[in-house]
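Chain residues, written in single-letter form:
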Amino acid sequence: MMELDLDQPSREDKAQQVIAKLRSMRGFDHAQQALTDSAQTALEAMLPSVPSEPARPLVERAVQRITSPILSRRVLLGKYQRWYGGHSPAVGQDDSIETLIDLSHWAHHSDNPDARVRIDDLLCRAFLADLREFSPQGRRARTWALDSVIVLDNVDTEIGRRLLDHLGRAGAWDPGEPLMVVAGSRGGLLRGEPHHDIGEANANGEEETDYQHNRVGSSSAKWLRYRLPDLTLEDVQALMRPSGLSARADRRLFRAVHQLTGGHPGSVAALISTADRHRPQSSDLGKLLDSRGPAQPPEPPPPPLEERLIADLLGPQVQDDRIEDLVTCSAARTYNEALRLAADSDLVGPLRTELDLLSVVDLWGRSTGAGQALLRRLLLRRLAARGHESGGTAEKDNPGWSKVHGRLRDYARTRHDTSMELYYALANGDLEFVERALAQPVAMDSPDSWLRLLSEVTSAPGDWPPHSRKTPIQQRDTVTHRCTRMPDPPSIPVARLVAALWVGADPLCGLERKHLHEGIALDYRTIAHSRATVPVELLREADRHEELARLWS
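Residues numbered from 1 in each chain as written. Predicted model: local features only at pLDDT ≥ 70, side-chain atom pairs only at ≥ 80, totals over all residues. Heavy atoms only, no water.

An account of the overall build of the protein chain is requested, with residue identities and associated values reported.
Looking only at helices and strands, the protein chain features 25 helices and 4 strands. Expressed as a percentage of contacts within the protein chain between residues at least 6 apart in sequence, the contacts between residues at least 24 apart total 63%. When the accessible area of the protein chain is evaluated, it comes to approximately 29,900 Å², of which 52% is carbon and sulfur surface. (Helix = DSSP H or I, 4+ residues; strand = E, 2+ residues; numbered from the N terminus. Contact = heavy atoms within 4.5 Å. Areas by Shrake-Rupley, 256 points an atom, 1.4 Å probe, with all protein chains shown as cover.)

This is the structure we're talking about:
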C-alpha cells in the first residue's frame, strides 16, 4: 500500500484507488473474473444463438451488481486492514481507508522527518498487533514459554535508538506483550534508565532478578542486562591460530594482544585483522595501533586503528570536543582522583561539565568489562603523544604528561597516601623516589603487603618513547641507569626490580620478554636472600616469573 501512487485529486477518488488495490491484493478481482467466466459459459449453453462477445459486458455488470452488496467495505478490508481504522496517528481518524491513504501519502514524502516518524510509529504498532494476534491465547498461553524475538545489533547508533523509541511508543515494553528484544550495546543503551527497570544476569546468563515473571507483572524490570564475557587468553590464542604468523610470533603476540585488550572481543578482532595485513611488522603493537586500513578511493584513508578503537569504545555519547578533557582525566588512577583533577579548572573544563563526562565514560572499572580499561590505555597513549608531537612540551590548551601526573602526585601528598604518591611518582619517571620508599627495611617486614604495594605502584603507566627499538630488558637497564646516576645510589636489585615490573606492565614494550622475566626472577631471589629470614612469598614470585620467561621464549 505504501508503494501505491495516489494521483487522483480528491480524497474520494483516492479512496477508490485504495479500494481497487485492496480488491486486487485480496483476490476479489480474480473471484469476480471466475464468476463472470462461469456465467458466460452457462449463458452460452442455455442460449447458443446469443453471440458471446456482445453479451460479455452485460454478464460482467450483472456479476458486479450481484457481488457488490457482498463485497462490503468490512469484507473488502478484512480483519487486518480494518485494524488501521482505530490506530491512525491523525487525531479523530477512525476510517481504515483514510488511514491507508495517509500512509501512502507519508511514504511518498518520507524525506519529511514528521512523515517518517508517522510511518514508523504506525508500522511498529501494526507489527505488535500481528504478534498479539498469533501468540497463544487462553490455556495454551500458560504452557507456551516462547515469545517472538527481535535481535538488534549496534543499537547505540542513531537508527538503532530510533527503532527502540518507536517500539517503546508502540507499547513493546508493556507487561504481557509477546515480544522480547535482544539489543547489543556498548553500554549507552541503559544509561539514564531507572535502576528498578534493569535486571542483571550473572556470568552464566542466569537471571539474578525475578525478571522472568515480568510478563505477569510480578517484577517491574524492563531490561535484563547481560554483559558479554571478555575473551580468555586461550580464546585469543585460538583466534590467532589461522593468522599465518610463525608459531613463535603467534605464541608471544597473542599474549601481548590479550594484555593490551584484556580480551575485549571487538578490539581483539580488530588487532588480529590488522596484524594479518601488516606482516612482518605485526609483532609491534604500537605500529599496529598507528596503522591505517586500506584506502577505498575516492574516499580518504581511514583513521589509524587507535582512533577507530577509541571511537568504538566511546560510542556516540561523547562529542569530539570533549575527548581531550577525557585524555587529561585518564591519568587518574581512580574515579575519585579524576574528580579531584577535574576540580582544577586550569587543567580541564568546568567541574560540573566534567562530572557529566566522567559519569558517561567509566574508565576505572566501576562497571565490569575490559573495554573501559583498554580505552584508558589508549587515552593515556594519546596523553603521552601530546609531548612527543610538540618536541617534549604539550600545547598550551592541553597539559602534558608530566604536568598532569605531577598535579596528581601533589594531591597524593596532601592526602598522605603512600601508594598513590609512589604510583604518580613512577608514572613521571622518579624511580629513585619509589625505590627508596620500597627498599626501607620496615617496608619489607610484611612480604605480602610489600608485594601488594609493589604491584600497585608498578602498574603505573609510563611516558615511553613511541616505537622504541630497545628490547624490554634494554628499556629496564635504561631506566635503572638514570636512577643509579643520582647521588647516593640506591639499592640496585630493588631499583632494577621496580623498573623491570614497570616496563613489563606496558603491553607495547615488545615481545622479547624472556630475559626481562628472567631478570625479575633473579632480583626477587637476590632481595629474598638478603633478608635475615628468607620470605617464601618472594621466592614464589621468582618461580612465577621463571615460568613466564619460558612462556615468552
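So what about the pairing of strand E1 (residues 148-152)? Which residues, and what values?
For E1 and strand E2 (residues 179-183), the ladder comprises 5 bridges, and the chain directions are parallel. Its bridge partner being in E2, Ile-150 is matched across the sheet by Val-181. Between E1 and its parallel partner E2, the chain crosses via helix H8 (residues 158-169), and the hand of that crossover is right-handed. (Pairing = 2+ DSSP bridges. Right-handed = clockwise from strand over helix to strand, strands pointing away.)

Account for the pattern of salt bridges, naming residues and giving values.
Side chains bearing opposite charge may pair, as long as their charged atoms lie close to each other. Following the criterion strictly, the structure yields 20 salt bridges and no others. The salt bridge involving Arg-252 is made with Glu-512; its shortest N-O contact spans 3.0 Å. With Arg-252 in helix H10 (residues 247-261) and Glu-512 in the loop between helix H23 (492-504) and helix H24 (514-529), this pair connects stretches of sequence that are 260 residues apart. Note that Asp-523 is salt-bridged to Arg-496, the shortest N-O span being 2.7 Å. (Salt bridge = Lys/Arg side-chain N within 4 Å of Asp/Glu carboxyl O.)

Let's hear about helix H6 (residues 113-134): which residues, and what values?
The terminal C-alpha atoms of H6, which comprises 22 residues, lie 32 Å apart, in line with the 32 Å expected from a rise of 1.5 Å per residue. Listing the buried residues of H6 in full gives Ala-115, Ile-119, Asp-120, Asp-121, Leu-122, Cys-124, Ala-126, Leu-128, Ala-129 and Leu-131. Summarising the contacts, the buried residues of H6 are in contact with helix H5 (96-107), E1, H8 and E2. Where H6 starts, the residue carrying a side-chain oxygen 2.8 Å from the main-chain nitrogen of Asp-114 turns out to be Asn-112. (Expected span 1.5 Å × (residues − 1). Buried < 20%, exposed > 50% of the residue type's maximum accessible area, 1.4 Å probe, protein only. Polar contact = N/O pair within 3.5 Å; in protein donor to acceptor, adjacent residues only side chain to side chain.)

Got a sec to walk through a nonpolar patch on the surface? Specific residues and values, please.
Where nonpolar side chains cluster on the molecular surface, the patch consists of Val-149, Val-151, Met-180 and Val-182 and spans about 360 Å² of accessible area. Tracing the chain through its elements places Val-182 in strand E2. According to the relative accessible area criterion, Val-182 is partly exposed, its value standing at 40%. (Patch = residues over 30% accessible without salt bridge, like charges linked within 9 Å, V, L, I, M, F, W, Y side chains within 5 Å.)

Tell me about the packing of helix H11 (residues 265-277) against helix H13 (residues 305-314), residues and numbers included.
Packed helix pairs are specified by the crossing angle of their axes together with the interaxial distance, meaning the distance between the axes. Between H11 and H13, whose axes approach to 11 Å, the crossing angle comes to 165 degrees. The angle between H11 and H13 falls in the class roughly antiparallel. Crossing of H11 against H13: the hand is right-handed. The residues of H13 that touch H11, namely those facing Ser-267, Ala-270, Leu-271 and Thr-274, are Leu-305, Leu-309 and Leu-313. (Axes fitted to C-alpha atoms, helices over the stretch in contact; angles between N-to-C directions. Parallel < 35°, antiparallel > 145°, perpendicular 65-115°, else oblique. Left-handed = near helix turned anticlockwise from the far one by under 90°.)

How would you summarise the packing of aromatic side chains if you had to cite specific residues and measurements?
Taken as a whole and assessed by the stated rule, the structure comprises 4 aromatic pairs. On the basis of an interplanar angle of 50 degrees and a centroid distance of 5.4 Å, the ring pair of Trp-173 and Trp-223 is categorised as tilted. Residue Trp-173 is located in the loop between H8 and E2, and its partner Trp-223 is located in strand E4 (residues 223-225); the two are separated by 50 residues in the primary sequence. Classification of Trp-173 as partly exposed rests on a relative accessible area of 23%. Classification of Trp-223 as buried rests on a relative accessible area of 11%. (Phe/Tyr/Trp six-rings, centres within 6.5 Å; stacked < 30°, edge-to-face > 60°.)

So what's going on with the side chain of Ser-267? Residues and values would help.
By the secondary structure assignment, Ser-267 is in helix H11. Among the polar contacts listed, one links the side chain of Ser-267 to the side chain of His-264, at a separation of 2.8 Å. Contact partners of Ser-267, with chain neighbours within four places excluded, come to Thr-261, Leu-309, Leu-313 and Leu-374.

In short, shape yes, function no, at least from these values alone.
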